[in-house]
Amino acid sequence: MYKRKLFYFGLITSLVLLLAILSTVLSANLNRKNLKQSNIAQSLLVEHERVSGISYRLFKQLTDEVILGQSANQAIVRNKRALISQSLSTIRQLELEQREALGVQHTKGSVEDTDELELLIDVIIRGFQLVFTGSEEAPVDQQERLRSLLEVTIDDEFREAINAAVSRQSKVVATINAQINTLNTAMVWFSGGLGLISFSIIIYGCYWLFNQLYQPIILIRSATNAIASGEYDKPISEKLDQEFEELATSINQLAKRLKEHEANEIRSRKQLELDVEQRTSELTKANLQLTKIDARRRQFIADVSHELRTPLTIIRGEAQVTLRMRTASQEEYKETLSAILEQSVNLSKLVDDLLILTRAEMHQLQLQIERLNIVTLLSAEVGRWQRRSDDRLITFTVDETLRDIDVAIDKPRFQQVISILLDNATKYSKPAGAVEVGITKNESLVTITVKDTGEGISAAEIENIFERFVRFSRINEGLGLGLPIAKAIVEAHGGQITVKSIQGEGSTFSVILPTELPS
């Protein structure tokens, strides 16, 4: 993943930088140690020169004492001997530090020679003391001893010891300087090589990271361009680092959702178009229906006006004629009142029918429910209509097992429904056609059928047959309120009324009622 690659790049860079810092620290430490050893060697050279100078001055003073026969200033001698001892002690301490740092191989004989040098100085000083205290000896012997002390011991041995110490420290200084030069040269080459390698690694790492970052950016840009142009099918298909993989997954999911959203939008647009078309069609149908209803309303108003005007005209005419008569018999008054009463009854019946439909629409049609034997009720209604229409055959067939069916109904309203159906059946049947009434039961439902033998009802008439003010085109009697009233009464009982018709064979009306009125 890209985070890990950045971590590795940072780790390698840090390691290179750490290596450079460690190399610098190591080089500085080695240089510090070498410089310290060089300083120690320089200090040893200075101390040896100091010992040599002090010793020679002391030897000169002691020589003058012997030659001139004068007693030396012991305070000065002690002071110089103390300085020599101090310098030798410093030399010995520095040589120990040098040996510990450089090893025995580079400091071979330094500590031991210092001890010998100190011993040699003591020997020389005691030699002068012996020469000075041996004044009783022959002058020749005293001179010989002094000469041997000066020429052999001091000039040869002491100078050789000092020169050997100085030469040895010069070699140590040269060795240390050579080590410093070698280390500096090595550090220069190492630093140069490390810098070149570090620069190459950093340049390559930057180039590598740039490529690692540039490729996902190109893929993401291509994916966004593809999404912008409407191509949603997995715009990023290549495997990327984890950080970019999460982004690529999000972009792919976004493309998928955009595709789904676009598909949903297309479906919604089509559905909206269909809905608008359907609503438009429904509105068109509703408008046509309203137009039809309005036409029927106007027709109804005209019919009601006509139906009201006819009995009112008759009532008014009968009353006017009777009132204009100067003398009228009792029979004439009775005829007038009978005509007026008949027309008033017709008007009351019309008003009642309209009131029933209005209450049914407002769900305020009140029923007086009672349990009655439906077969007995139907038999009575069929008998009554048979007597009224003795020129037709009205039959009622019922299975013996169904004679004890009790139904919860409003008797007057239900008689009105049967009367409407039988009236229509006798009215629209052929002159010698029969009317059949039947009854069946299915679980908790009772079905009453009234079948005529008329010409049948067309599909257009069946569609609107239970609406108000609809009358068959071939018969103009009535206001077209009978079937709507029957439908309202049946539905108030929790049932339904249907019709089936075959052109040329007749129609069958079915009233389906529950045996128990629903609560």
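The coordinates are above.
Residues numbered from 1 in each chain as written. Predicted model: local features only at pLDDT ≥ 70, side-chain atom pairs only at ≥ 80, totals over all residues. Heavy atoms only, no water.

Participant: How should the overall build of the chain be read in this particular structure?
Facilitator: If you tally the helices and strands in the chain, you get 10 helices and 7 strands. Expressed as a percentage of the 519 residues in the chain, the buried residues total 34%. Within the chain, contacts between residues separated by at least 24 positions form 73% of all contacts whose residues are at least 6 apart in sequence. Accessible surface, the chain as shown: approximately 32100 Å² in total, 56% of it carbon and sulfur. (Helix = DSSP H or I, 4+ residues; strand = E, 2+ residues; numbered from the N terminus. Buried < 20%, exposed > 50% of the residue type's maximum accessible area, 1.4 Å probe, protein only. Contact = heavy atoms within 4.5 Å. Areas by Shrake-Rupley, 256 points an atom, 1.4 Å probe, with all protein chains shown as cover.)

Participant: I tried to follow the environment of I121 on my own but got confused; where do I start?
Facilitator: Relative to the assigned elements, I121 resides in helix α3 (residues 110-133). For I121 and T153, which are 32 residues apart along the polypeptide, the C-alpha to C-alpha distance reads 9.5 Å. Beyond its immediate chain neighbours, meaning those up to four positions away, I121 contacts V51, S55, I84, L88 and F158.

Participant: What should I look at first to understand a nonpolar patch on the surface in this one?
Facilitator: A surface patch of nonpolar side chains, amounting to about 470 Å² of accessible area, comprises Y8, L11, L15, L18 and L22. Its place among the elements puts L15 in helix α1 (residues 2-68). (Patch = residues over 30% accessible without salt bridge, like charges linked within 9 Å, V, L, I, M, F, W, Y side chains within 5 Å. Salt bridge = Lys/Arg side-chain N within 4 Å of Asp/Glu carboxyl O.)

Participant: Just checking my understanding: could you explain the packing of aromatic side chains for this structure?
Facilitator: Think of a pair of aromatic rings as described by two things: how far the centres are apart, and how the planes are tilted against each other in angle. Enumeration over the complete set of coordinates arrives at 1 aromatic pair. Each ring, one from F466 and one from F509, has its centre 6.3 Å from the other, and the planes form 85 degrees; the classification is edge-to-face. A residue pair is termed long-range when its members are at least 10 positions apart, and F466 in the loop between α9 (459-463) and α10 (482-492) and F509 in strand β7 (residues 506-514) qualify at 43 residues. Take F466: its relative accessible area is 18%, and that puts it in the buried class. In this structure F509 comes out as buried when scored by relative accessible area, which is 6%. (Phe/Tyr/Trp six-rings, centres within 6.5 Å; stacked < 30°, edge-to-face > 60°.)

Participant: When you look at the side chain of H493 in this model, what are you seeing that I'm missing?
Facilitator: Mapped onto the elements, H493 comes out in the loop between α10 and β6 (496-502). Separated by 2.9 Å, the side chain of H493 and the backbone nitrogen of D410 make a polar contact. (Polar contact = N/O pair within 3.5 Å; in protein donor to acceptor, adjacent residues only side chain to side chain.)

Participant: Sorry if this is basic, but what is going on with the sheet that holds strand β5 (residues 445-451) here?
Facilitator: Hydrogen bonds between backbone groups are what pair the strands of a sheet, and the pairing can be parallel or antiparallel. Pairing is mixed across the open sheet formed by 5 strands, whose spatial order is β2-β4-β5-β7-β6. The open sheet terminates on both sides in strands that have one partner only, identified here as β2 (393-397) and β6. Neighbour to neighbour, the strand axes of the sheet diverge by 15 degrees on average, direction disregarded. As paired strands, β5 and β7 are joined by 7 bridges and run antiparallel to one another. Each residue of the ladder has a partner; that of T447, found in β7, is I512. Most of the contacts of helix α8 (residues 411-428) go to β5, to which it runs at about 30 degrees, and overall it touches β2, β4 (434-442), β5, β6 and β7. (Pairing = 2+ DSSP bridges. Axes fitted to C-alpha atoms, helices over the stretch in contact; angles between N-to-C directions.)

Participant: Looking at this structure, I do not really get the pattern of salt bridges. What am I missing?
Facilitator: Close approach of charged atoms lets side chains of opposite charge pair. Going through the model one piece at a time under the given rule, you end up with 5 salt bridges. Note that R269 and E265 form a salt bridge whose closest N and O atoms lie 3.2 Å from each other. Pair noted here: R269 and E265 are both in helix α5 (residues 242-324), with a separation of 4 residues, about one helical turn. R269 gets classed as partly exposed once you look at its relative accessible area, which sits at 39%.

Participant: Sorry, what's going on with the packing of α8 against α10 here?
Facilitator: Think of two packed helices as two axes; the pair is described by the angle between the axes and how far apart they sit. The geometry of α8 relative to α10 is characterised by a closest axis approach of 9 Å and an angle of 145 degrees between their N-to-C directions. Our pair here, α8 against α10, has a crossing hand that is left-handed. Across the interface between the two elements, R413, Q416, V417, I420, L421 and N424 of α8 pack against G482, L483, I485, A486, I489 and V490 of α10. Considered class by class, the residues forming the contact of α8 with α10 number 8 nonpolar, 3 polar and 1 charged. (Left-handed = near helix turned anticlockwise from the far one by under 90°. Nonpolar A, V, L, I, M, F, W, Y, C, P; charged D, E, K, R; others polar.)

Participant: Got a minute to help me understand α10 in this structure?
Facilitator: Residues three or four positions apart in an α-helix share a direction because the helix packs 3.6 residues into each turn. Within α10, the full set of buried residues consists of L483, P484, I485, A486, A488, I489 and V490. In the stretch just after α10, G494 is the one whose phi turns positive, near 85 degrees.

Participant: Before we go on, may I ask you to explain the packing of helix α7 (residues 374-388) against α8 in this structure?
Facilitator: Running from amino to carboxyl end, α7 crosses α8 at an angle of 45 degrees, the nearest separation of the two axes being 10 Å. If you check the angle between α7 and α8, you find them oblique. Between α7 and α8 lies a crossing of right-handed hand. Touching I374, L377, L378, E381, V382, R384 and W385 of α7 are K411, F414, Q415, I418, S419, L422, D423 and T426, all from α8. Residue composition of the contact of α7 with α8, by class: 8 nonpolar, 3 polar and 4 charged. (Parallel < 35°, antiparallel > 145°, perpendicular 65-115°, else oblique.)

Participant: Help me out: how do you make sense of α8 in this one?
Facilitator: Across its 18 residues, α8 extends 26 Å between first and last C-alpha, which sits within 8% of the 26 Å expected from 1.5 Å per residue. Where α8 is concerned, the buried positions are F414, V417, I418, S419, I420, L421, L422, N424, A425, T426 and Y428. (Expected span 1.5 Å × (residues − 1).)

Participant: For this particular structure, what's the right way to read the pairing of strand β3 (residues 406-410)?
Facilitator: Put simply, side chains in a regular strand alternate between the two faces of the sheet. Most of β3 is tucked away: 4 of the 5 residues are buried. Of the strand pairs in this sheet, strand β1 (residues 369-373) and β3 are connected by 5 bridges, and their pairing is antiparallel. The residue of β3 that forms the bridge with N373 is D406.

Participant: Would you mind showing me how to read the nonpolar core here?
Facilitator: The tendency in soluble globular proteins is for nonpolar side chains to be buried as a group. Counting 43 residues, the largest nonpolar core has I374, F414, I439 and I448 as the members making the most contacts within it. Ranked by the residues each element gives to this core, the list is headed by α8, at 7 residues. Counting residues in each nonpolar core, the second largest holds 24 residues, with V51, L62, I91 and I124 among its members. (Core = buried A, V, L, I, M, F, W, Y, C linked by side-chain atoms within 4.5 Å.)

Participant: Whenever I open this one, the environment of D410 confuses me. Can you help?
Facilitator: In this structure, D410 sits in strand β3. When its relative accessible area of 4% is taken as the criterion, D410 is described as buried. Excluding anything up to four places from it in sequence, D410 contacts Q366, L367, Q368, I369 and H493. Within the local environment of D410, its side chain forms a polar contact with the backbone nitrogen of Q368, the two atoms lying 2.6 Å apart.

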